[in-house]
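Here are the chains, one letter per residue:
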Amino acid sequence: MHNKLWVWGCVLDEIPGAVPFVPGQHYCSLETAADYIGADNVVMTNTSDNAAASLNERIFAPLAGKTVVCALQHSDYRGSAEAISRFSLTHPNIAGALIDDFLDYRGNYYRGPSAGMKPEELREIRAALRSHNPDLKLYVVRYTRENMDELLPYLDGFDVLSFWCWISTEDFWAAHYSDVVAELQTKYNKPIVQGIFLHHYGIDATDFTPMSLELLKLQCRRVAEELRPGHIDGVCVLSNGWFDRDSHREQVQFVRDYFTWMSGTWTQR
């Protein structure tokens, strides 16, 4: 049985190398980050820009022994889904694929790559993902700021919800998180993998502002309270690009220690 912990990020083709949305050069590849915090599962984002160039042994060999969900290429969701499906026949640790920022649209501020996608298009993407391997699951990323009802017409087109809070607050995690999870369960009836940011992107994505340690501690506690009884199905930490940054060292170490404690004191039969 694989554990419930995931790491989001990319396999570094060269050391040091670049990680999307994290400044500078990095020494911690995705597989190293997963090993450091004891995660058996990864969301691999190399494929989000160029799936054809990333579906090869050089990128996948380091992920042997991990359950892998591959990000779909934003410019070719359907084509990359079919390519991942074919590649999974020789790489059985691939469990599925993911559409990041699904339907994300914020008026004049931002229009995501999948904004405006129709429900039938999503069903076609999942069909392509299952074209060679019917066991693969399609994940979609959604945020707490988004209207839950917008996803209702798409429920028969995806399998797992990857759920994130873009701007974390003490009020949300302390007072509202469990109610939101209950509503997600009621409306969607889908497995939920809860995301945790090491970096506070919603406050400032351009500097080295980590998630505050006190807020991170609250998030981990509240997430664990939903994970143990099975209200959510996993926890995903983003991303390996922050693991080797001294500015985020305390956050990384806390997440590692917290979930080592949680899993080590959780009897599962």
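The present account deals with the structure reproduced in this document. (Residues numbered from 1 in each chain as written. Predicted model: local features only at pLDDT ≥ 70, side-chain atom pairs only at ≥ 80, totals over all residues. Heavy atoms only, no water.)

We now examine the overall build of the chain. Within the chain one finds 8 helices and 12 strands. Compactness check: the chain gives a C-alpha radius of gyration of 18 Å against a globular reference of 18 Å for 269 residues, within 12% of the reference. Evaluated residue by residue, the chain yields a buried proportion of 55% over its 269 residues. Per element, the accessible surface of the chain, about 12100 Å² overall, is 51% carbon and sulfur. With 24 positive and 35 negative side-chain charges, the chain shows a separation of 4 Å between the mean positions of the two kinds. (Helix = DSSP H or I, 4+ residues; strand = E, 2+ residues; numbered from the N terminus. Rg over C-alpha atoms; globule rule 2.2 N^0.38 Å. Buried < 20%, exposed > 50% of the residue type's maximum accessible area, 1.4 Å probe, protein only. Areas by Shrake-Rupley, 256 points an atom, 1.4 Å probe, with all protein chains shown as cover. Lys, Arg positive; Asp, Glu negative; His and termini not counted. Charge placed at Lys NZ, Arg CZ, Asp CG, Glu CD.)

Time to look at helix H6 (residues 170-188). Look at H6: 26 Å from first C-alpha to last across 19 residues, which is about the 27 Å you get at 1.5 Å a residue. At histidine 176, H6 shows its largest bend, some 65 degrees. For H6, the set of buried residues is Phe172, Trp173, Tyr177, Val180, Val181, Leu184 and Tyr188. The inward-facing, buried residues of H6 contact strand S10 (160-164), strand S11 (192-197) and helix H7 (213-227). Taken from the residues just after H6, asparagine 189 is the one with a positive phi, measuring 55 degrees. (Expected span 1.5 Å × (residues − 1). Bend = angle between axes of the 7 residues up to and from the residue. Contact = heavy atoms within 4.5 Å.)

All right, on to the sheet that holds strand S4 (residues 41-44) then. Read once around its circumference, the closed barrel built from 8 strands follows the order S1-S4-S5-S6-S9-S10-S11-S12, with strand pairing classed as parallel. Averaged over all neighbouring strand pairs, the angle between strand axes comes to 25 degrees, with direction disregarded. Relative to strand S12 (residues 234-238), strand S1 (residues 5-9) runs parallel, the two being bridged by 4 bridges. For tryptophan 6, the partnering residue across the bridge sits in S12 and is cysteine 236. Running at roughly 155 degrees to S1, helix H1 (residues 30-37) makes contact with S1, S4 and S12 of the sheet. Here helix H4 (residues 77-88) sits on the sheet and contacts strand S5 (67-71) and strand S6 (94-99); the angle it forms with S6, its principal contact strand, is near 170 degrees. (Pairing = 2+ DSSP bridges. Axes fitted to C-alpha atoms, helices over the stretch in contact; angles between N-to-C directions.)

Take the pattern of salt bridges next. Oppositely charged side chains can form a pair if their charged atoms are brought close together. Considering all chains together, one arrives at 19 salt bridges under this definition. For lysine 66, the salt bridge goes to aspartate 35, with nearest N and O atoms at 2.7 Å. Remark: aspartate 35 occurs in helix H1 and lysine 66 occurs in the loop between helix H3 (57-60) and S5; sequence separation between them is 31 residues. Exposure remark for lysine 66: the relative accessible area of 10% places this residue in the buried category. With a relative accessible area of 52%, aspartate 35 lands in the exposed category. What you see here is one network of salt bridges that share partners, running through Asp104, Arg106 and Arg145. (Salt bridge = Lys/Arg side-chain N within 4 Å of Asp/Glu carboxyl O.)

Note on placement: serine 162 falls in strand S10. Polar side-chain contacts of serine 162 include one of 2.8 Å to the side chain of tryptophan 164. Leaving out residues up to four positions away in the same chain, serine 162 has contacts with Trp8, Leu98, Val140, Val141, Arg142 and Val193. (Polar contact = N/O pair within 3.5 Å; in protein donor to acceptor, adjacent residues only side chain to side chain.)

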